[in-house]
Amino acid sequence: MEPAEKRIRQIIQILRREYPASRTALWFETPLQILVATILAAQCTDERVNQITPKLFERYPTVADLARADRQELEKIIRPTGFFRNKAKNIVAAARKIVEDFGGEVPDRMEDLLTIPGVARKTANIVLSSAFKKAAGIAVDTHVRRLAGRLGLSQESDPEKIERDLMAIVPRKDWLDFNYMLVNHGRKICPARRPLCPECVLQKLCPGAVEFYPELKATAQG
């Protein structure tokens, strides 16, 4: 099979055809809302986060409201997302940082976002791409990590190293959508336990397919 840099454009072309409206599954209307939703989505499904956030943002509609939030009340609302104490601590601290250092507005630069409590590169990339349509990198979540390995796009396990590998081969114009397309494909075709390689549109471009289904090797070679 050809190296990743020779396969990546065709992979992207196919994914765009299959998932033309790729975007985050998290509900949001403002940069603050996608920031908070992404913090809540750690170790939690987007669907569950979407069940929580309408009530959360009704109770705390502004960044100032979140900065003043009673921690126990906030924890009670977000409890179903898991790790709720740490998430509540980060959300309140993030809101205070935004109020104190950024005039109450979520910043639109990677270097500024990374100074906010609870925000690492994955969260920052999702905020930048979803709220500001800015491509500063490629968000690496569990889906992207899994598919990057199976597709032979990166042999790394550390998210930041995977991101560097992807940024080196994915054209910059595709950075905005690449995470969302891989997430959609991961959910539909390539789950963690048993990927549906025989049904996969990327089968002939994926070294992982023959590992899970050795009988596909003849098809790939042909």
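Residues numbered from 1 in each chain as written. Predicted model: local features only at pLDDT ≥ 70, side-chain atom pairs only at ≥ 80, totals over all residues. Heavy atoms only, no water.

Asker: Any chance you could explain the overall build of the protein here in plain terms?
Answerer: Scanning the protein from N- to C-terminus turns up 13 helices and 0 strands. Reading the protein from its N terminus to its C terminus gives the helix and strand order α-α-α-α-α-α-α-α-α-α-α-α-α. Over its C-alpha atoms the protein spans a radius of gyration of 19 Å, differing by no more than 12% from the 17 Å that the globule rule assigns to 222 residues. Across its three principal directions, the C-alpha atoms of the protein cover 65 × 30 × 30 Å. In the protein, of all internal contacts separated by at least 6 residues, the share reaching a separation of at least 24 is 57%. For the protein, the exposed surface amounts to about 11,600 Å²; the carbon and sulfur share of it is 48%. (Helix = DSSP H or I, 4+ residues; strand = E, 2+ residues; numbered from the N terminus. Rg over C-alpha atoms; globule rule 2.2 N^0.38 Å. Contact = heavy atoms within 4.5 Å. Areas by Shrake-Rupley, 256 points an atom, 1.4 Å probe, with all protein chains shown as cover.)

Asker: Mind showing me how you'd approach the packing of helix α2 (residues 31-40) against helix α3 (residues 46-59) here?
Answerer: Between two packed helices, the angle of one axis relative to the other and the distance separating the axes together describe the packing. Running from N to C, α2 and α3 cross one another at 135°; their axes reach a closest spacing of 10 Å. Between α2 and α3, the angle falls in the class oblique. Crossing of α2 over α3 shows right-handed handedness. Contacts between α2 and α3 involve Q33, V36, A37 and L40 on the former and, on the latter, V49, T53, L56 and F57. Looking at side-chain class alone, the contact of α2 with α3 contains 6 nonpolar, 2 polar and no charged residues. (Axes fitted to C-alpha atoms, helices over the stretch in contact; angles between N-to-C directions. Parallel < 35°, antiparallel > 145°, perpendicular 65-115°, else oblique. Left-handed = near helix turned anticlockwise from the far one by under 90°. Nonpolar A, V, L, I, M, F, W, Y, C, P; charged D, E, K, R; others polar.)

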